[in-house]
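Given next are the chains, with one letter for each unit.
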Amino acid sequence: MTTITTGGARPRATASPGPPATAKARRDGHGVRGSTRTFWLFAGPFLAGLLLFVYVPVCWSFYLSLFQAQNTVTPTKFVGLDNYADILTDGPFTDSLWTFTLFALIVVPLTFVLALALALLVHRIRVARAFFRSVFFIPTACSYVVASMVWKLSIFNGVRFGLANTVLGWFGIEPVAWIGTVSPPWYWLVLVTVRLWLQLGFYMILFLAALQQIPKELYEAAWTDGARPGWQTFRHITLPQLRTTSVAVVLLLLIAAYQAFDEFYNLLPNTPYARPPLVYLYYTALGQGQDFGHGSAGALVLSALITMVTLLQGRIFGFGKADG
């Protein structure tokens, strides 16, 4: 800092010039470039995988759906939207959508209610809470294929020594061919129970996390006002506070039901009476005909249907909006 004096005037201080503006800009620019490099270092592999394994296959699937593509992924005969018209008027594909509808109508409400009930029970206990939480969550780590094989070969194998038929034998009931019986359709019991066992723990954890976020002051205020513990507080406090989580759980359950494949494919191979959309598309595209054109069209129709159902449900329930 320099001091300038003029006659008898008081000294006047002037600031020394700072570093050039270009140096500051260079430092700021280096910081921005460093942040950009860091971003691409961490996000680059994920984005590359997303592009390579998601967006490129989706675009190529759309391309195949516009061509007659049998036994080849590089077709030459353009058919336009004929594959879409064929798949939408195809009886087996529409039947597979009805199979999904029935599967969803059974699995979604059951999973929702049972997962919420388990979460409430685990949330209320005070001893060994971590143990019970782990016990119910462990099945989610099991492979769908392995669980399907256990259900098929051990629990519901149809012979008298299977677990289910052994229990029935205690009550004098004859063995039941669970998977092979169409009337009544006992195979639905096998499909639903294996799906429930595999996914209940995951949705229980979601509800349990939401329950732990509810302020205890709400219950204390309700009890002060005369509300009784139990159904009254659950209906007017707990359930409204779980609104966002409940909508998310239903959305996830519907999408998972649309994508049902492993249990159907492993429990009911080569059976036309219970084929969800993905199993039908698997046999269409990878079966003997290898019809990639119709398979790709069906996959895109199913994706559009899932998207529409998700958006419609989100709009109905106000998913993503702030609670009023």
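Quick caveat: nothing in here was measured; it's all calculated off a predicted structure.

Cut-offs applied
Residues numbered from 1 in each chain as written. Predicted model: local features only at pLDDT ≥ 70, side-chain atom pairs only at ≥ 80, totals over all residues. Heavy atoms only, no water. Helix = DSSP H or I, 4+ residues; strand = E, 2+ residues; numbered from the N terminus. Buried < 20%, exposed > 50% of the residue type's maximum accessible area, 1.4 Å probe, protein only. Contact = heavy atoms within 4.5 Å. Areas by Shrake-Rupley, 256 points an atom, 1.4 Å probe, with all protein chains shown as cover. Phe/Tyr/Trp six-rings, centres within 6.5 Å; stacked < 30°, edge-to-face > 60°. Axes fitted to C-alpha atoms, helices over the stretch in contact; angles between N-to-C directions. Left-handed = near helix turned anticlockwise from the far one by under 90°. Nonpolar A, V, L, I, M, F, W, Y, C, P; charged D, E, K, R; others polar. pLDDT = per-residue confidence, 0-100. Arc of directions from axis to C-beta. Salt bridge = Lys/Arg side-chain N within 4 Å of Asp/Glu carboxyl O. Parallel < 35°, antiparallel > 145°, perpendicular 65-115°, else oblique.

### Examining the overall build of the chain
Okay, step 1: Along the chain, the regular secondary structure elements total 13 helices and 2 strands.
Okay, step 2: Counting the 324 residues in the chain, one finds 34% classified as buried.
Okay, step 3: Pairs at least 24 apart in sequence give 64% of the contacts found in the chain among residues at least 6 apart.
Okay, step 4: When the accessible surface of the chain is split by element, carbon and sulfur atoms take 68% of a total near 20,200 Å².

### Notes on the side chain of serine 65
Okay, step 1: You can see serine 65 is positioned in helix H1 (residues 21-65).
Okay, step 2: A relative accessible area of 0% places serine 65 in the buried class.
Okay, step 3: Those residues in contact with serine 65 that sit more than four places away from it in its chain are Gly80, Asn83, Tyr84, Gly293, Ser296, Ala297 and Leu300.

### What about the packing of aromatic side chains?
Okay, step 1: Under the defined criterion, the tally for this structure stands at 21 aromatic pairs.
Okay, step 2: When the ring of tryptophan 151 is compared with that of tryptophan 197, the centres are 5.4 Å apart and the planes differ by 45 degrees; the resulting orientation is tilted. With tryptophan 151 in helix H5 (residues 144-155) and tryptophan 197 in helix H7 (residues 187-212), this pair connects stretches of sequence that are 46 residues apart.
Okay, step 3: A relative accessible area of 10% places tryptophan 151 in the buried class.

### Side note on the packing of helix H3 (residues 91-124) against helix H10 (residues 243-258)
Okay, step 1: Running from N to C, H3 and H10 point in directions that differ by 145 degrees, and their axes come no closer than 9 Å. In terms of crossing hand, the pair formed by H3 and H10 is right-handed. For the pair H3 and H10, contact is made by Phe100, Phe103, Ala104, Val108, Thr111 and Phe112 and by Ser246, Val249, Val250, Leu253, Leu254, Ala257 and Tyr258, respectively.
Okay, step 2: Grouping the constituent residues of the contact of H3 with H10 by class yields 11 nonpolar, 2 polar and no charged.

### Describing the confidence of the model for the chain
Okay, step 1: Scored by pLDDT, the chain has a mean of 82; 88% of the residues are at 70 or more.
Okay, step 2: Here residues 4-8 is a poorly scored stretch, pLDDT under 50, and it has 4 contacts once near neighbours within four places are set aside; other chains count.

### What about helix H6 (residues 163-170)?
Okay, step 1: Of the positions making up H6, those classed as buried are Ala164, Asn165 and Leu168. Taken around the axis of H6, the buried residues stretch over an arc of 90 degrees, which confines them to a single face.
Okay, step 2: Taken together, the buried residues of H6 touch H5.
Okay, step 3: Taken from the residues just after H6, glycine 172 is the one with a positive phi, measuring 75 degrees.

### What about the pattern of salt bridges?
Okay, step 1: Overall, the coordinates contain 1 salt bridge when judged by the stated rule.
Okay, step 2: The partner of glutamate 263 in a salt bridge is arginine 195, and the shortest N-O contact between them spans 2.7 Å. Here glutamate 263, found in helix H11 (residues 262-267), pairs with arginine 195, found in helix H7; they are 68 residues apart in sequence, far enough to count as distant.
Okay, step 3: Judged by its relative accessible area of 1%, glutamate 263 is buried.
Okay, step 4: Of the residues examined, arginine 195 reaches a relative accessible area of 4% and is grouped as buried.

### Points about the packing of H7 against H10
Okay, step 1: Where H7 meets H10, the axes come as close as 10 Å, and the angle between the chain directions of the two elements is 160 degrees. With respect to H10, the axis of H7 lies roughly antiparallel. Seen from above, H7 lies across H10 with right-handed handedness. Residues Arg195, Gln199, Phe202, Tyr203, Leu206, Phe207 and Ala210 of H7 form the contact with H10, whose own contacting residues are Thr245, Ser246, Val249, Leu252, Leu253, Ala256 and Ala257.
Okay, step 2: Residues of the contact of H7 with H10, tallied by class, amount to 10 nonpolar, 3 polar and 1 charged.

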